[in-house]
Amino acid sequence: MNLSSNLGKSTLLASAVFWGILGSKVLQITFMPFVLLSFIPIFICVASSVIVSICPIFWLTERESFNKKRIFKAYFPYYAIVVFGICVLAIIDNSFSILAIAFFSSAFISTCQSWVWFAKEEQP
Amino acid sequence: MKQIVILIAAVLFSLLFYGQSVGLNLALFAVLALVLLLFYNLKKFRDRGVLLHSVAYLLSAVLVFVHRSSLSVMANLLMFVSLVGAVSESQSSIYLKWLNGLYTSIAGFFHRNIDRQEASKASNWKQKADLPQLAKLIGIPIVFIILFVLLYRQGNPVFEGLIARINFDFINLQWLLFTLMGYYLFSNIAQPVLVEPATSADLSVSNNLLETANFSEASLKKEQQLGTTLLGLLNLLLLVYILTDIISINAMIVSKASELSIQVHNGINTLIASIIIAIIIILYFFRGNLNFYAHNRILKNLSFLWISLNVALIVLIAIKNQNYIGAFGLTYKRIGVYVYIFMTLIGLLTTFLKVLNLKNLAFLFRSNTQVAFMTLLLLSGVNWDRRITQYNLTQAQDFDMDYLIKLSNRNAILLYDLKDSVAISETQKRAIEKKYQYYIQELQQRNWQELNYDNFSLDLLKTESNSVFK
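Residues numbered from 1 in each chain as written. Chains lettered and ligands numbered in written order. Predicted model: local features only at pLDDT ≥ 70, side-chain atom pairs only at ≥ 80, totals over all residues. Heavy atoms only, no water.

Thoughts on helix H1 (residues 2-17) of chain B
Residues and elements named next belong to chain B.
Next, step 1: End to end, H1 covers 23 Å across 16 residues, agreeing with the expected 22 Å (1.5 Å per residue, within 8%).
Next, step 2: Restricting attention to buried positions, one finds in H1 the residues Val5, Ile6, Ala9, Ala10, Phe13, Ser14, Leu16 and Phe17.
Next, step 3: For H1, the secondary structure elements touched by its buried residues are helix H2 (24-40) and helix H9 (173-190). (Helix = DSSP H or I, 4+ residues; strand = E, 2+ residues; numbered from the N terminus. Expected span 1.5 Å × (residues − 1). Buried < 20%, exposed > 50% of the residue type's maximum accessible area, 1.4 Å probe, protein only. Contact = heavy atoms within 4.5 Å.)

Thoughts on the pattern of salt bridges
When the charged atoms of two side chains with opposite charge come close together, those side chains can pair.
Residues and elements named next belong to chain B.
Next, step 1: Inspection of every chain in the model, using the stated rule, returns 11 salt bridges over all chains.
Next, step 2: Note that Asp245 is salt-bridged to Lys320, the shortest N-O span being 3.2 Å. On the criterion of sequence distance, the pair formed by Asp245 in helix H11 (residues 217-250) and Lys320 in helix H13 (residues 297-328) is long-range, its members being 75 residues apart. Assigned by exposure class, Asp245 and Lys320 land together as buried.
Next, step 3: The salt bridge involving Arg446 is made with Glu442; its shortest N-O contact spans 3.1 Å.
Next, step 4: With a relative accessible area of 11%, Arg446 lands in the buried category.
Next, step 5: Since its relative accessible area comes to 24%, Glu442 is described here as partly exposed.
Next, step 6: Via salt bridges that share partners, Lys419, Asp420, Lys429 and Glu433 belong to a single interconnected network. (Salt bridge = Lys/Arg side-chain N within 4 Å of Asp/Glu carboxyl O.)

A closer look at helix H4 (residues 70-88) of chain B
Residues that lie three or four places apart on an α-helix share one face, since the helix turns once every 3.6 residues.
Next, step 1: Its 19 residues give H4(B) an end-to-end C-alpha distance of 27 Å, which sits within 8% of 27 Å, the value for a rise of 1.5 Å per residue.
Next, step 2: Summarising burial for H4(B): 14 of the 19 residues are buried, a large majority.

Quick notes on the packing of helix H5 (residues 98-120) of chain A against helix H5 (residues 94-114) of chain B
Next, step 1: Here H5(A) crosses H5(B) at 20°, and the two axes come no closer than 10 Å. On the basis of the axis angle, H5(A) is roughly parallel to H5(B). Considering only the axes of H5(A) and H5(B), their crossing is right-handed. On H5(B), the residues touching A:Phe108, A:Ile109, A:Cys112, A:Gln113, A:Val116, A:Ala119 and A:Lys120 of H5(A) are B:Ile106, B:Phe110, B:Asn113 and B:Ile114.
Next, step 2: Considering only residue class, the contact of H5(A) with H5(B) consists of eight nonpolar, two polar and one charged. (Axes fitted to C-alpha atoms, helices over the stretch in contact; angles between N-to-C directions. Parallel < 35°, antiparallel > 145°, perpendicular 65-115°, else oblique. Left-handed = near helix turned anticlockwise from the far one by under 90°. Nonpolar A, V, L, I, M, F, W, Y, C, P; charged D, E, K, R; others polar.)

Here we look at the interface of chain A and chain B
Next, step 1: With 23 residues of chain A in contact, the opposing surface of chain B contributes 19 residues.
Next, step 2: Between chain A and chain B the total buried area reaches about 1800 Å² when both faces are included, carbon and sulfur atoms providing 75% of it.
Next, step 3: Interface area lost by chain A to chain B is led by A:Ser24, A:Lys73 and A:Ile81, which between them contribute 29%.
Next, step 4: Connecting chain A to chain B are zero salt bridges.
Next, step 5: For the pair chain A and chain B, the number of links is one residue pair in polar contact (both at pLDDT 80 or more).
Next, step 6: Secondary structure elements with two or more residues in the side of chain A that touches chain B: helix H1 (3-26), helix H4 (68-93) and H5 of chain A.
Next, step 7: Here the element with the most residues in the side of chain A that touches chain B is H4(A); it accounts for 10 residues. (Buried area = accessible area lost by both parts, 1.4 Å probe. Polar contact = N/O pair within 3.5 Å; in protein donor to acceptor, adjacent residues only side chain to side chain.)

Brief notes about the UniProt feature "transmembrane region" (unreviewed entry) in chain A
All names here are of chain A.
Next, step 1: Taking the numbering used here, the UniProt-annotated feature "transmembrane region" (unreviewed entry) corresponds to residues 12-31, 37-60, 72-92 and 98-118.
Next, step 2: Each end of residues 72-92 is marked by a C-alpha atom, and these two atoms are 29 Å apart; helix forms 100% of the span and strand 0%.
Next, step 3: Across residues 98-118 one finds 100% helix and 0% strand; the C-alpha atoms that close the span lie 30 Å apart. (UniProt positions renumbered as here; feature names shortened; annotations may be inferred.)

Quick look at the nonpolar core
Next, step 1: Within the largest apolar cluster, 40 residues are counted, with the highest numbers of intra-cluster contacts made by B:Phe29, B:Leu36, B:Tyr57, B:Phe80 and B:Phe186.
Next, step 2: The set of elements that each furnish at least two residues to this core consists of H1, H2, helix H3 (48-67), H4, H9 and helix H15 (361-379) of chain B.
Next, step 3: Element by element, the count of residues in this core is highest for H2(B), at 10 residues.
Next, step 4: Those residues in contact with B:Phe80, other than ones at most four positions away along the chain, are B:Phe29, B:Ala33, B:Tyr57, B:Ser105 and B:Ile189.
Next, step 5: Formed by 39 residues, the second largest nonpolar core is a distinct cluster that contains A:Phe76, A:Phe108, A:Val116 and B:Tyr103. (Core = buried A, V, L, I, M, F, W, Y, C linked by side-chain atoms within 4.5 Å.)

As for the confidence of the model for chain A
Next, step 1: Taken over all residues, the pLDDT of chain A has a mean of 88, while the share at 70 or more is 93%.
Next, step 2: When mean pLDDT is taken per element in chain A, H4(A) scores highest with 93 and helix H2 (residues 32-37) of chain A scores lowest with 79. (pLDDT = per-residue confidence, 0-100.)

Some remarks on the domain arrangement of chain B
How big an interface is tends to be stated in terms of accessible area lost as the parts join.
Residue and element names in this part refer to chain B.
Next, step 1: Examined at the domain level, chain B breaks down into domain 1 (1-208), domain 2 (217-359) and domain 3 (384-469).
Next, step 2: Summarising the inter-unit geometry, the C-alpha centres of domain 2 and domain 3 are found 41 Å apart.
Next, step 3: In this complex, domain 2 contributes 10 residues to the contact, which on the side of domain 3 involves 13 residues.
Next, step 4: In total, domain 2 and domain 3 occlude about 870 Å² of area from one another, counting both sides; carbon and sulfur atoms represent 59% of this.
Next, step 5: When residues of domain 2 are sorted by the area they lose upon contact with domain 3, Leu330, Tyr332 and Ile335 head the list and together hold 54% of the total. (Domains from an automatic or database assignment.)

Description of the side chain of B:Asn455
Residues and elements named next belong to chain B.
Next, step 1: With respect to the helices and strands, Asn455 occurs in helix H20 (residues 453-469).
Next, step 2: A polar contact is formed between the side chain of Asn455 and the side chain of Arg446, at a distance of 3.0 Å.
Next, step 3: With residues up to four places along the chain from it excluded, the contact list for Asn455 reads Leu443 and Arg446.

So, the confidence of the model for chain B
Next, step 1: Looking at chain B as a whole, its pLDDT mean stands at 83, while 90% of the residues score no less than 70.
Next, step 2: The least confident element of chain B is helix H6 (residues 116-129) of chain B, whose mean pLDDT is 53; the most confident is H4(B), at 93.

Focus: the packing of H4(A) against H5(A)
Residues and elements named next belong to chain A.
Next, step 1: Viewed as axis vectors pointing N to C, H4 and H5 meet at an angle of 175°, and their least axial separation amounts to 10 Å. Compared by their axis directions, H4 and H5 come out roughly antiparallel.
Next, step 2: Looking at the contact of H4 with H5 residue by residue, the class counts come to 20 nonpolar, one polar and two charged.

Some details on a nonpolar patch on the surface
Next, step 1: Nonpolar side chains collect at one region of the surface, where B:Ile140, B:Val143, B:Phe144, B:Leu147, B:Phe148, B:Leu151 and B:Tyr152 lie side by side and expose about 700 Å² of accessible area between them.
Next, step 2: Among the structural elements, B:Phe144 can be located in helix H7 (residues 131-155). (Patch = residues over 30% accessible without salt bridge, like charges linked within 9 Å, V, L, I, M, F, W, Y side chains within 5 Å. Areas by Shrake-Rupley, 256 points an atom, 1.4 Å probe, with all protein chains shown as cover.)

Dropping the structure here:
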C-alpha cells in the first residue's frame, strides 16, 4: 500500500475542500499564511483518520483472492454511510456553523477519495 | 448531453433550496429527481415496484406541501432513498432498498469511480479530450488577459473606468458550492449503484423454510415436548393475567391523569416484554425442522393460542389508552401508544403467518419493515397538531391548554378560531393570539420556495373577509 502518496493527496484534497468552503464566506488575502500553516494540522487529522479507520481494513482483509477492489466494494459502502452519518450529526450539533461544515465535509470527501486511491493501486 | 441535464438539475436545486426552508421546494425537487431518474433509467421504470415507489414518493412530496411537518419531511426523505434503492434493484427487500438508496445518494460517485468499465471509459474520454492541452487553452490566455488588463488600466483613464464598471458581486461562492452539492447529489442518483454482496445475498434468500437433510425424529420429539409444556403453561399464565386485567378495568374509577398514565405505561411495559418473549419463543421452536415434524399440531395450536392471547392483551391496552384519551385528551405520546399497539399487532400477525405457511426469519423482517414503512407514509398524511387540538377542545372531558399552545404553529389558526368557545384564562387567550399573529406573519414572509397549503388557505381567508367588508 502506497500510504505516503495517499496521505499527501488526501491532505491536499482536504485542504482544498476545507478552505474552499470556509473561503466562500470568510476568506481574505491576509489569511494566506494560515492557509499554508493549516496543512500541518490537516495532515495530522487526515493521517490519523486514514491510518486508524481505513488502513486496518485493507491490512486485515487483503488476500490473493480478495483484492483491493473487492475490499472496496465489500466494506466501503458501510464506511461511507457511517462516516456520512457522523459528519451530518456533527454539523447539526454545531448548529450548521461554516467551520463545522468545512471541517466535516472535507473529512467525508477526503476519506472517501482515500478509499478510491487505495483501491485503485496496482496489485503487486 | 447527460452532463448538461445534471448541470441544469443542479442549478434548479440551488434555486429551490439555497437559503430557503422546506415547503413547495421539496415537492418540486421530487418532480425534478423523478424526471432525472426517468431520463437515465427509463427501462427500470417498467417495473411495477419502481412505479409504486415513484407514486409513493410523489405522494409524500404532496404531503410535505400540505402539512410541512417534521414527520412528512422525514417520510419524504425515506421515500426518496427507497425510490433510488428501487431503481438500483427493484426485487430486493425494503431495507436493502434503503441501504442501496442511501449509499447511492451519498457515495455513488466514489463507487462508480472504482468501477473498471467506468474507469476505462473515463480514460478514453481523457485521451480524446487531451486534458493538458485544454488546460493550456483555457488557463494561459486567462493569466495573460488578467496581466494585460492590469497593465492597460494604468495607462488609459477611459479604459480604467470601463474596467471599474465590471462588477462581480453577482458571483456568490456559497451559491456555487451549493450548486456543486446539487450536482454531486444528482450525479450520484443518476446511475444508482448496489451494495454488494449484501444485495446478492438478499436476492438469493427466499421467504420459505426448507427442510434440511439431518432430520432426527428423536430430537424433534424432545423439542416438541419442551415446546408444548412451555407454551401450555405460558398460555395458562397469560389467560389468568388477562382475566385479572379485565376485572381491574371494570372496577377502575380513576380521577387523576397521573394514575391512569401509570396504569397505561405499566400495561405497555408488560405488553412489550410479553410480545418480545412470545415472538422469540415461537421463532426458536419453529426455526427449522420442527415445522415439518408430523406430530407438531398441538405445539402449533398452542402457538396460535399464545398469539391470540397476546392480541387480547393488546386490546386491553387499547381500551386503557382510549379511556385515558377520552378523559384527558390526545397527546403525541398517547398517539405513540396506538402506533406501538398497531405495530405489535402486525408483528403478531406476521408471526402467525410464518408458523402457518412455513416461512422463515427473512419473511418476518421483510413484511414487518414493509408495514412500518407504509405506516410512516400514512401517519405523515395527518396534521397531528390540528387533530390533537380539535379532539381535545371538542371531545375530551379535560385538556391541557398550555400543551396545545406549545404545539407547532400548524394548529395556530384552529386554536384562534376555537379560543372563545372554551373556558380558558386571559393569559392563555393572549398566548393564542400571539401565536396566531406570529404564524400569519411567518406565512406572509415566506418566499415562493417555502410556500405550503396554509399560504393558499390564508389567501382564501383574506378574500372571504374582503368580500364580507364590501
